[in-house]
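Next come the chains, spelled out residue by residue.
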There are 2 protein chains.
Amino acid sequence: MWGKHTDMENEKLADLRIDHVPQTLREIAVERMRAAIVSGYFPSGRRLVERNLVEQLGVSRSVIREAIRYLEAEGLVEVLPRSGPVVATLDWERARQIYDIRLRLEAAAAADCARLADDAARGRLAEALRQLEQAFESADPQVLYDATTRFYQEIFTSAGHHVAWDIVHRLNGRISRLRALTLASTDRRVSGQARMRRIAEAILAREPEAAEQAVREHLTEAAHIARQLLEKAEGAKVRDVS
Amino acid sequence: MWGKHTDMENEKLADLRIDHVPQTLREIAVERMRAAIVSGYFPSGRRLVERNLVEQLGVSRSVIREAIRYLEAEGLVEVLPRSGPVVATLDWERARQIYDIRLRLEAAAAADCARLADDAARGRLAEALRQLEQAFESADPQVLYDATTRFYQEIFTSAGHHVAWDIVHRLNGRISRLRALTLASTDRRVSGQARMRRIAEAILAREPEAAEQAVREHLTEAAHIARQLLEKAEGAKVRDVS
DNA sequence: CTGACAATCGTGGTATACCAACATACCATA
DNA sequence: TATGGTATGTTGGTATACCACGATTGTCAG
């Protein structure tokens with residue numbers, strides 16, 4: 001909770017001022033739309049008609065348009081010429097690249113975290129792991145998704161890799177539906193939990209190489225599962241409008 | 001009657017479609033503003049007053065605002081609450097992280113490029129190197145900057161790392177003034193040229209490890225120069241409010 | 001002369017209306 | 001049936017108005 005939120009909005013929450021965080025309508029709109037896309041409420045390829053969004057979110061078109069620009073730069077939305085914005089689609093080739101980048105950045109962050117984290121950071125990481133394992137017990141995929149996000153966030157911020165976290169966080173948004181699926185897959189619930197515990201244990205034991213290796217195995221497996229899911233889905237992509 | 005065209009343009013000419021790049025006003029505005037920031041015409045910390053930009057660019061406020069949202073998500077602009085957008089500032093800590101990410105992604109791209117590039121890609125890389133060396137002779141820093149960008153772009157795209165190139169490209173925007181300074185520094189003109197040639201040679205010789213190592217040395221040196229420049233500037237930052 | 005208060009102005013945020021260009025679907029007529 | 005026009009919907013783009021807030025400035029009382 002005091003842990004950082006997404007880099008974007010947290011600076012406002014840090015101070016304890018009572019009055020009125022200047023969260024603008026636009027920021028709220030971006031959050032809502034991002035959540036709607038990430039959660040799959042707006043599926044891949046869905047057209048985002050501005051005037052519909054206006055009434056769905058209850059804000060003016062200016063706000064919607066600016067929010068779309070932001071999400072467009074984030075890669076969550078693509079704007080087709082003369083047709084308007086749609087939720088970005090994801091093929092395996094792009095997903096593969098994203099997993100590859102995540103692997104490199106997360107391995108580096110885990111290693112640096114193992115090297116640099118002080119006791120306070122270690123405590124937060126242990127706590128994040130505890131909540132993560134609790135989330136594995138829970139049936140709610142959203143809870144699990146959020147817990148893994150917080151777990152990784154703790155690793156990145158403890159390592160001081162704020163820029164990398166920002167990048168990974170955005171990439172995660174683009175593969176969020178894949179992540180939700182891989183996290184939910186049954187084998188994954190077992191091996192994923194074991195692998196993530198190994199990451200945390202390596203960091204807590206200050207073993208950078210082991211942490212790096214654990215991340216590598218974890219993500220390689222995740223990418224493998226994602227590939228199967230995605231190529232299966234692409235095979236039957238006639239009905240992927242869902 | 002038409003005879004054969006080169007592979008490149010043939011497919012477009014085959015059908016009679018009018019390609020018609022739509023390029024909206026907003027896109028143009030984003031490009032102009034990005035160029036103004038990257039080139040240093042809008043220095044770090046400079047306020048971007050919307051109504052001024054309206055008359056400077058000759059477009060309406062809506063366009064300006066949407067362009068600012070895009071650049072904000074890109075990290076080139078930050079919006080201060082109740083004060084408006086300013087050109088993002090850069091301290092050494094952030095720059096260090098950016099150089100670190102670049103190092104990892106560029107090393108991976110160079111290695112994959114050495115492994116995967118076909119003859120056509122090799123030819124393009126050789127050509128990019130040739131133009132780069134020509135640019136080193138030229139006195140114009142902008143020419144040199146563009147040539148290095150194209151050189152790296154060729155490496156990333158030949159390796160198929162499109163997502164990574166997207167990320168690196170944006171990161172480069174954020175450290176563009178630093179890059180311009182490091183490229184212009186006199187020792188850099190010598191060693192930088194030598195190191196970049198080594199990168200290209202390793203790729204052309206299909207030696208992934210050598211390419212990776214060459215990138216690593218190149219970027220480590222660049223970061224070192226950047227640090228000196230930046231910390232010197234920060235030391236005298238009392239007067240950078242301009 | 002100084003300090004407090006108020007008027008003013010500049011700025012960002014938001015909402016609304018309007019127009020042109022384009023695409024699509026539909027329909028009427030030859 | 002095929003052709004051509006029409007209606008509708010969506011987007012991009014623009015203009016304008018209003019509000020809230022903060023900074024500046026000017027004025028007036030002490």
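Calculation notes
- Residues numbered from 1 in each chain as written.
- Chains lettered and ligands numbered in written order.
- Predicted model: local features only at pLDDT ≥ 70, side-chain atom pairs only at ≥ 80, totals over all residues.
- Heavy atoms only, no water.
- Least-squares fit on C-alpha atoms with pLDDT ≥ 70 in both.
- Contact = heavy atoms within 4.5 Å.
- Helix = DSSP H or I, 4+ residues; strand = E, 2+ residues; numbered from the N terminus.
- Polar contact = N/O pair within 3.5 Å; in protein donor to acceptor, adjacent residues only side chain to side chain.
- Near = heavy atom within 4 Å.
- Nonpolar A, V, L, I, M, F, W, Y, C, P; charged D, E, K, R; others polar.
- Core = buried A, V, L, I, M, F, W, Y, C linked by side-chain atoms within 4.5 Å.
- Buried < 20%, exposed > 50% of the residue type's maximum accessible area, 1.4 Å probe, protein only.
- Salt bridge = Lys/Arg side-chain N within 4 Å of Asp/Glu carboxyl O.
- Buried area = accessible area lost by both parts, 1.4 Å probe.
- Expected span 1.5 Å × (residues − 1).
- Phe/Tyr/Trp six-rings, centres within 6.5 Å; stacked < 30°, edge-to-face > 60°.
- Lys NZ or Arg CZ within 6 Å of the ring centre and 35° of its normal.
- pLDDT = per-residue confidence, 0-100.

- Naming follows an unreviewed UniProt entry, where chain A appears as DNA-binding transcriptional regulator, GntR family of Paracoccus sediminis.

Observations concerning the relation of the copies chain B and chain A
Phase 1 of the analysis: Each copy superposes on the other: chain B lies on chain A with an RMSD of 0.1 Å after a rotation of 180 degrees and an axial shift of 0.1 Å. Taken together, the rotation angle and the small translation identify this as a two-fold axis.
Phase 2 of the analysis: Interface overlap between copies is the fraction of interface residues in one copy that are interface residues in the other; for chain B against chain A it reaches 100%, indicating a shared surface.

Some thoughts on the environment of His218(A)
Residues and elements named next belong to chain A.
Phase 1 of the analysis: On the secondary structure map, histidine 218 appears in helix α11 (residues 208-235).
Phase 2 of the analysis: For the pair histidine 218 and glycine 192, spaced 26 residues apart in sequence, the C-alpha to C-alpha distance is 6.9 Å.
Phase 3 of the analysis: A distance of 3.0 Å separates a polar atom in the side chain of histidine 218 from a polar atom in the side chain of tyrosine 152.

Considerations on the protein's contact with DNA strand C
Phase 1 of the analysis: Leu25(A), Ser60(A), Ser62(A), Arg51(B) and Arg61(B) are the nearest of the 20 residues found near DNA strand C.
Phase 2 of the analysis: Within the side chain of Arg26(A), one N or O atom sits 3.5 Å away from a phosphate oxygen of DNA strand C.
Phase 3 of the analysis: Contact between DNA strand C and Ser62(A): a base nitrogen at 3.2 Å from a side-chain N or O atom of the residue.
Phase 4 of the analysis: Across the surface near DNA strand C, the residue classes tally to 6 nonpolar, 5 polar and 9 charged.

What to know about the nonpolar core
Phase 1 of the analysis: Of all hydrophobic cores here, the largest spans 142 residues; its most connected members are Phe151(A), Ile155(A), Ile203(A), Phe151(B), Ile155(B) and Ile203(B).
Phase 2 of the analysis: When residues no more than four places from it in sequence are discounted, the contact partners of Ile155(B) are Ala109(B), Ala110(B), Cys113(B), Leu125(B), Ile199(B) and Ile203(B).

Considerations on the pattern of salt bridges
Residues and elements named next belong to chain B.
Phase 1 of the analysis: Scanning the model with the defined rule gives 44 salt bridges over all chains in all.
Phase 2 of the analysis: The shortest N-O distance in the salt bridge between glutamate 72 and arginine 69 comes to 3.3 Å. Separated by 3 residues within a single helix, glutamate 72 and arginine 69 lie in helix α4 (residues 61-74), roughly one turn from each other. The pair formed by glutamate 72 and arginine 69 is uniform in burial state, with each residue classed as buried.
Phase 3 of the analysis: For arginine 227, the salt bridge is made with glutamate 231, and the minimal N-O distance between the two is 3.2 Å. On the criterion of helical spacing, the pair formed by arginine 227 and glutamate 231 is a turn pair, its members being 4 residues apart in helix α11 (residues 208-235).

Re the interface of chain B and chain A
Phase 1 of the analysis: With 28 residues of chain B in contact, the opposing surface of chain A contributes 29 residues.
Phase 2 of the analysis: Summing the contributions of chain B and of chain A, the shared interface buries around 2,600 Å²; its carbon and sulfur component is 58%.
Phase 3 of the analysis: Connecting chain B to chain A are 6 salt bridges.
Phase 4 of the analysis: The shortest N-O distance in the salt bridge between Glu66(B) and Arg69(A) comes to 3.0 Å.
Phase 5 of the analysis: Scanning the region where chain B abuts chain A turns up 12 residue pairs in polar contact (both at pLDDT 80 or more).
Phase 6 of the analysis: Listing elements by their share of the side of chain B that touches chain A, those giving two or more residues are α4, α5 (92-116) and α8 (162-174) of chain B.

Quick word on helix α8 (residues 162-174) of chain A
Phase 1 of the analysis: Here α8(A) is 13 residues long and its end C-alpha atoms lie 19 Å apart, about the 18 Å a rise of 1.5 Å per residue gives.
Phase 2 of the analysis: Of the positions making up α8(A), those classed as buried are Val163(A), Ala164(A), Trp165(A), Asp166(A), Ile167(A), Val168(A), Arg170(A), Leu171(A), Asn172(A), Gly173(A) and Arg174(A).

Here's the deal with helix α7 (residues 141-158) of chain B
All names here are of chain B.
Phase 1 of the analysis: The end-to-end C-alpha distance of α7 is 26 Å, a good match for the 26 Å that 18 residues give at a rise of 1.5 Å each.
Phase 2 of the analysis: Where α7 is concerned, the buried positions are Leu144, Tyr145, Ala147, Thr148, Thr149, Phe151, Tyr152, Glu154, Ile155, Phe156 and Ser158.
Phase 3 of the analysis: Glycine 160 occupies a position one or two residues after α7 and carries a positive phi of about 80 degrees.

Some words on the packing of aromatic side chains
Residue and element names in this part refer to chain B.
Phase 1 of the analysis: Overall, the coordinates contain 6 aromatic pairs over all chains when judged by the stated rule.
Phase 2 of the analysis: Relative to phenylalanine 42, the ring of tyrosine 41 has its centre 5.4 Å away and its plane inclined at 40 degrees; by these criteria the two rings are tilted.
Phase 3 of the analysis: Assessed through its relative accessible area of 57%, tyrosine 41 is described here as exposed.
Phase 4 of the analysis: Considering the side-chain rings of phenylalanine 156 and tryptophan 165, the 5.4 Å spacing of their centres and the 45 degrees angle between planes classify their relative orientation as tilted.
Phase 5 of the analysis: Judged by its relative accessible area of 0%, phenylalanine 156 falls in the buried class.
Phase 6 of the analysis: Residue classification places tryptophan 165 among the buried positions, given a relative accessible area of 10%.
Phase 7 of the analysis: Above the ring of tyrosine 145, the side-chain terminus of arginine 179 is found at 4.8 Å from the ring centroid.

A closer look at the confidence of the model for chain A
Residue and element names in this part refer to chain A.
Phase 1 of the analysis: Per-residue confidence for chain A gives a mean pLDDT of 82; residues scoring 70 or more make up 85%.
Phase 2 of the analysis: Considering each helix and strand of chain A separately, the mean pLDDT is smallest for helix α1 (residues 7-14), with a value of 34, and largest for helix α5 (residues 92-116), with 96.
Phase 3 of the analysis: Overall, residues 237-242 carries pLDDT values under 50, and its contacts beyond four positions in sequence, including any with other chains, amount to 2 contacts.

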